[in-house]
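The primary structure of each chain is shown beneath.
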Amino acid sequence: MQPSVYQQSVIEWLRNNQDVSDAVVNSVAGSGKSTLLKMCADVISHENDGAVSVRDCVVLVFNKKNKEALVRKLGAKWQYSIYTTHSKGYRILKQYLGFPQFEVRTLKYRELAQEIDWFRNDRPRNEIIAQQKIVSLNEFIKLFELIRLTLCPLNPVSLSDLIEHYSLDINRLYLDEIIHRVAHLMEAGQQLAFNSGIIDHTDMLWLSVQWKINQAPNFSFAKRVFVDEAQDMSNLQLEFVLAIADARSKMLFVGDPSQSINGFCGADANSFENIKSRLSAKEFTLPTCYRCPKSHISLINRLYPEIPIIANDGAENGTIKVIEDDKLWATGGENRVEVGDLVVARRTSTLVDTHLELISRGIPSSLVGSSLCNELIELVREIFWQNEAQYTKFREFAQQYLKTKEAALAKKDNCSTALIHLQDLIKALISIYAHYSSCYRSCEELCQGIRALFGTEDNADTVILSTIHRAKGMEAEKVYILEPIDLPLLWENQQPWQEQQEHNLVYVALSRSTRSLYLVGDAVWFDHQLETQPSSSNSKIVKNHEKNATPLGSIEAFISGAQDNELEKIAKLIEHEQGKRIATKFHNEFSKN
C-alpha cells in the first residue's frame, strides 16, 4: 500500500535511527492507525539492516481484541511483541517475582478492605450506616482505584483535590483517617502479591511502577515502543510505558485528543498534550478519515472545526436522517434497525429501554459493556442491603434509595456528576425490573437477568447497543444515535474537562458510521438544510481554532424571530436540562450573527 504524505512523514522519522526523539501522532477517527503501525512494522522488519529487530519492539494496544487483529495484520512474527498494556505488565511482574502464573482476583482489594475496621460485616448495622456517612465501601474502593491510576500522593491536599475532581461521595473532614486505611490496604495488597501471587488488573501496572522493577538487574528495555489510544492513558499507564524504555529508545504514541473520553474512570483528560510536552515529542497528523462519508465529516467540520479531520477523496456522500423512535422497529420501514446495525446513546437508561423494546418485538439485540453490567448488579445488591428490601417492593425501595442519595449529595459540592449517573442507573434498573417482574422473584434472579441482557460486539447476528463511551473503536454501515438531545450532556457546576469530554463524545458518535447515520429524535446541533449545503471545511485542516464569546443580546428578539421548530426544540431542552444548554444554544445562535 502506498503511504499517504502524512504517513510518509512518520515513516521517515522512524527510519532515521540516529534520531532518538519521540513522537506523537494525532490520528483522527477512521484514519487508519493500524495501517500506520503496519507500515512501521515493515520498516522494522525489512529496512533496519538488523539495527532493531522485531523482538526489540513493544507494541501496546487498547484491548485483547485489538491485539488479535493487529497480529493478523502485522504477521505471526510480531505476536510476541504485541501486548495490551496490562498483559505486558503481567509478563514483567511474572518474570520479576518468579511465579509461573498469578491468581487474578477482580475483587482482591474489596475483599481486603472488608477486613479493615470500617468495613467489617460483623459490626452492628447502626455502626455500618453511620460509617457510610463518611465513606461507603463502594466509594472507598473507587477512591483507592483512582489513587493507583492517577498515582495521587497520599496527603490531605492531593486527596481532597482527587475527591473533588471525580465528584466522589466522601466526607473530606476525615482525610487523615482515610489516608491511613488506604496506606494499610496498599501494603496488604503488595504483601498478598509478593507472597501468594494474588493480584488484580491494576496491580499488573501499579506493582511494576511501585516496586521500580525496571531498576532490577538485567531488566530488558525495548528499543522501539509503539502505543495506541494514547489520548486515554492514565498517569499509571504512562509511567509504566516510560519505564520499559531507556534514553536510547524511540517511542511513538498514536491517538486522537478529540476522542479523549475516559477521564471519568482515571484516564488523564489531557493525556495526549501531556505526553507531547513531557517528552518534547515531535507531532505528526493523520487527518484523512477513510471510514465516514462526506456528509458526516462535513457535520463534524461545522461543529468542531478545530478537529483536523477531512474526508477521503473517494468517499461517498452518505446520509444523515432524523427519525422518531417508533421508526426503529416499524415493519418494512426503510429506517428500521436491522441485524448488524449499531445503536448508541449517552445514557444507560435510554439503551436499556430500547434493548427491552427490541427484545419484546423479537428483534435480536445485544447490549455490550461488562463494566456497566457489573455496576448495575452492584447497585441492585446495595439497594437490597440498604433497605432489607422485599423483591416485590424493589421499585419503591429503589426510588427511596435514590431520594436518600439525592439528599446526601445535595449537601456536598460538585456532586452533580455522581447524581446524574445514579439517576440514570436507577431508571435503567426500574425498567428492567418492570419488564421482568413476572419472571424473577429475588435479588439474585434479577442480577442473573441483568447478566442475560448483555452480550458481546462479536455477535454479528444481532443489533449491537452500546454507550458512546463503549462504542469508541466500533463501526457499522448504519448507526443510530438515540436521544441526540443528550449530546453534549451538560449540567450545573460541570468542570471544564468534563464539558470538553462531553463534546468529544459527540464527535465519537458522529464518526462510527460508514454509510447512514440516524438521529433518533431532535438534535439542536443538526440542521438538515444547512448540512445539505456544500462545506468548504473539508479543503483544509483548521488548527488552533478558538471560539470568541459574544454578548447574547436580546433573548426576547431571538425568540420572537425563531421558527416553530426551533421553539419546539428549545422548549424540549428547557424541560430536559433545566436551562444550561439553552444558554449555549443562544450563544451559538448569536455568534453566527
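Residues numbered from 1 in each chain as written. Predicted model: local features only at pLDDT ≥ 70, side-chain atom pairs only at ≥ 80, totals over all residues. Heavy atoms only, no water.

A.B. asks: I would appreciate a short explanation of the overall build of the chain in the present structure.
C.D. replies: The secondary structure content of the chain amounts to 24 helices and 17 strands. Of the roughly 27,800 Å² of accessible surface on the chain, 48% is carried by carbon and sulfur atoms. (Helix = DSSP H or I, 4+ residues; strand = E, 2+ residues; numbered from the N terminus. Areas by Shrake-Rupley, 256 points an atom, 1.4 Å probe, with all protein chains shown as cover.)

A.B. asks: Explain the side chain of Arg110 to me, please; I cannot follow it from the model alone.
C.D. replies: Turning to its location among the elements, Arg110 is positioned in helix H5 (residues 108-113). Ignoring sequence-local partners within four residues, the contact set of Arg110 consists of Leu137, Asn138, Ile141 and Glu378. (Contact = heavy atoms within 4.5 Å.)

A.B. asks: I tried to follow the sheet that holds strand E7 (residues 245-255) on my own but got confused; where do I start?
C.D. replies: In any sheet, the strands associate via hydrogen bonds between backbone groups, in a parallel or an antiparallel arrangement. The six strands lie next to each other as E3-E2-E6-E7-E1-E8, forming an open sheet whose pairing is parallel. The open sheet terminates on both sides in strands that have one partner only, identified here as strand E3 (82-84) and strand E8 (282-286). Taken over all neighbouring pairs, the strand axes of this sheet differ in orientation by 20 degrees on average, direction set aside. As judged from the four bridges shared by strand E1 (residues 23-27) and E7, these two strands associate in the parallel manner. Among the inter-strand pairings, Val25 is bridged to a residue of E7, identified as Val254. Relative to the sheet, helix H11 (residues 235-243) contacts strand E2 (57-61), strand E6 (222-227) and E7, its axis offset from that of E7 by approximately 140 degrees. (Pairing = 2+ DSSP bridges. Axes fitted to C-alpha atoms, helices over the stretch in contact; angles between N-to-C directions.)

A.B. asks: Just checking my understanding: could you explain the environment of Ala269 for this structure?
C.D. replies: Take Ala269: it is sitting in the loop between E7 and helix H12 (271-279). On the basis of relative accessibility, which here comes to 23%, the residue Ala269 falls in the partly exposed class. Along the chain, Ala269 and Met233 lie 36 residues apart, while their C-alpha atoms are 8.5 Å from each other. The residues touching Ala269, leaving out its near neighbours within four places in the chain, are Ser260, Trp497 and Gln501. (Buried < 20%, exposed > 50% of the residue type's maximum accessible area, 1.4 Å probe, protein only.)

A.B. asks: How do you make sense of the side chain of Ser27 when you look at a structure like this?
C.D. replies: Note on placement: Ser27 falls in strand E1. In contact with Ser27, not counting residues within four places along its chain, are Lys33, Val254, Gly255, Asp256 and Leu286.

A.B. asks: What's the story with the pairing of strand E15 (residues 463-467) in this structure? I'm lost.
C.D. replies: Looking along a regular strand, one sees the side chains alternate between the two faces of the sheet. Taking burial as the measure, the five residues of E15 include five buried ones, the bulk of the element. Here E15 shows two buried faces, one formed by Val463, Leu465 and Thr467 and the other by Ile464 and Ser466. In terms of strand pairing, strand E13 (residues 365-368) meets E15 through three bridges, oriented parallel. Each residue of the ladder has a partner; that of Leu367, found in E15, is Leu465.

A.B. asks: Just checking my understanding: could you explain the packing of helix H13 (residues 294-303) against helix H20 (residues 496-510) for this structure?
C.D. replies: A pair of packed helices is captured by two measures, namely the crossing angle of their axes and the spacing between those axes. Direction vectors running N to C along H13 and H20 enclose 165 degrees, while the axes themselves pass 10 Å from each other. As the angle between them shows, H13 and H20 are arranged roughly antiparallel. The crossing of H13 and H20 is left-handed. Seen from H13, the contacting residues are His296, Leu299, Ile300 and Leu303; seen from H20, they are Val506, Tyr507 and Leu510. (Parallel < 35°, antiparallel > 145°, perpendicular 65-115°, else oblique. Left-handed = near helix turned anticlockwise from the far one by under 90°.)

A.B. asks: Looking at this model, I keep getting lost on unusual backbone geometry. Mind explaining?
C.D. replies: Only a minority of non-glycine residues have a phi that is not negative, and only a minority of peptide bonds are not trans. Going from Leu487 to Pro488, the amide bond is cis rather than trans, its omega being -10 degrees. Here Ser167, not a glycine, exhibits a phi torsion of approximately 50 degrees, which is positive. Along the chain, Ser167 falls in the loop between helix H8 (156-165) and helix H9 (175-196).

A.B. asks: Can you help me understand the pairing of E7 in this one?
C.D. replies: Burial of E7 is extensive: eight of the eleven residues sit out of reach of the surface. Where E6 meets E7, five bridges bridge the pair, whose relative direction is parallel. Note on E7: the bridge partner recorded for Phe226 is Leu252. Crossover connection from E6 via H11 to parallel E7: handedness right-handed. (Right-handed = clockwise from strand over helix to strand, strands pointing away.)

A.B. asks: How should I be thinking about the pattern of salt bridges in this particular structure?
C.D. replies: Oppositely charged side chains are able to pair whenever their charged atoms sit close together. Counted by the stated rule, this structure contains 34 salt bridges. Across the pair Glu338 and Lys478 runs a salt bridge whose closest N-O atoms are separated by 3.2 Å. Remark: Lys478 occurs in strand E16 (residues 476-482) and Glu338 occurs in the loop between strand E11 (319-323) and strand E12 (342-345); sequence separation between them is 140 residues. Its relative accessible area of 7% is what places Lys478 among the buried residues. Here the salt bridges share partners, and the residues they tie into one network are Lys33, Asp228, Glu229, Asp232 and Lys472. (Salt bridge = Lys/Arg side-chain N within 4 Å of Asp/Glu carboxyl O.)

A.B. asks: How do you make sense of H9 when you look at a structure like this?
C.D. replies: Each α-helix winds once per 3.6 residues, and so residues spaced three or four apart point in a common direction. For H9, which comprises 22 residues, the first-to-last C-alpha distance of 31 Å matches the rise-based estimate of 32 Å (1.5 Å per residue) to within 8%. Restricting attention to buried positions, one finds in H9 the residues Leu175, Ile178, Ile179, Arg181, Val182, Leu185, Met186, Gly189, Gln190 and Ala193. At its buried positions, H9 is contacted by helix H4 (85-97), H5, helix H7 (137-150), H8, strand E5 (198-199) and helix H10 (203-210). Looking at the residues trailing H9, positive phi occurs at Gly197, about 70 degrees. (Expected span 1.5 Å × (residues − 1).)

A.B. asks: What am I meant to see in the packing of H11 against H12 here?
C.D. replies: Following both chains from N to C, one finds H11 and H12 inclined at 35 degrees, their axes separated by 12 Å at the closest point. As H11 runs across H12, the sense of the crossing is right-handed. In contact with Leu238, Glu239 and Leu242 of H11, H12 contributes Ile275, Arg278 and Leu279. Partitioning the contact of H11 with H12 into residue classes produces four nonpolar, no polar and two charged. (Nonpolar A, V, L, I, M, F, W, Y, C, P; charged D, E, K, R; others polar.)

A.B. asks: Sorry if this is basic, but what is going on with the packing of aromatic side chains here?
C.D. replies: Any pair of aromatic rings gets described here by the distance separating the centres and the angle formed by the planes. Summed over the entire model, instances satisfying the criterion amount to 16 aromatic pairs. Ring centres of Tyr96 and Trp211 lie 6.2 Å apart, and the angle between their planes is 35 degrees; this geometry places the pair in the tilted category. In this pair, Tyr96 is assigned in helix H4 and Trp211 in the loop between H10 and E6, connecting sequence segments 115 residues apart. Note on Tyr96: relative accessible area 38%, which makes it partly exposed. With 5.7 Å between their ring centres and 50 degrees between their planes, Phe99 and Phe102 make a pair best called tilted. In this structure an aromatic cluster arises from ring pairing among Phe384, Tyr391, Phe394 and Tyr433. If you follow Lys250 out to its NZ or CZ, it ends over the ring of Trp13, 4.3 Å from the centre. Positioned above the aromatic ring of Phe62, the side-chain terminus of Lys472 is 5.4 Å from the ring centre. (Phe/Tyr/Trp six-rings, centres within 6.5 Å; stacked < 30°, edge-to-face > 60°. Lys NZ or Arg CZ within 6 Å of the ring centre and 35° of its normal.)

A.B. asks: What exactly am I supposed to notice about the nonpolar core here?
C.D. replies: It is characteristic of soluble globular proteins that their nonpolar side chains tend to be buried jointly. Membership of the largest hydrophobic core comes to 63 residues, with the highest contact counts inside it found for Phe140, Leu143, Val241 and Phe253. Per-element tally for this core: the top contributor is H7, with eight residues. Counting residues in each nonpolar core, the second largest holds 48 residues, with Leu356, Leu358, Ala428 and Ile432 among its members. (Core = buried A, V, L, I, M, F, W, Y, C linked by side-chain atoms within 4.5 Å.)

A.B. asks: How should the environment of Ser31 be read in this particular structure?
C.D. replies: On the secondary structure map, Ser31 appears in the loop between E1 and helix H2 (33-46). Between the alpha carbons of Ser31 and Thr285 there is a distance of 9.8 Å; along the sequence they are 254 residues apart. The contact partners of Ser31, leaving out residues within four places of it in the chain, are Leu286, Thr288, Cys289 and Tyr290. Separated by 2.5 Å, the side chains of Ser31 and Ser27 make a polar contact. At 2.7 Å, the side chain of Ser31 forms a polar contact with the backbone oxygen of Val28. (Polar contact = N/O pair within 3.5 Å; in protein donor to acceptor, adjacent residues only side chain to side chain.)

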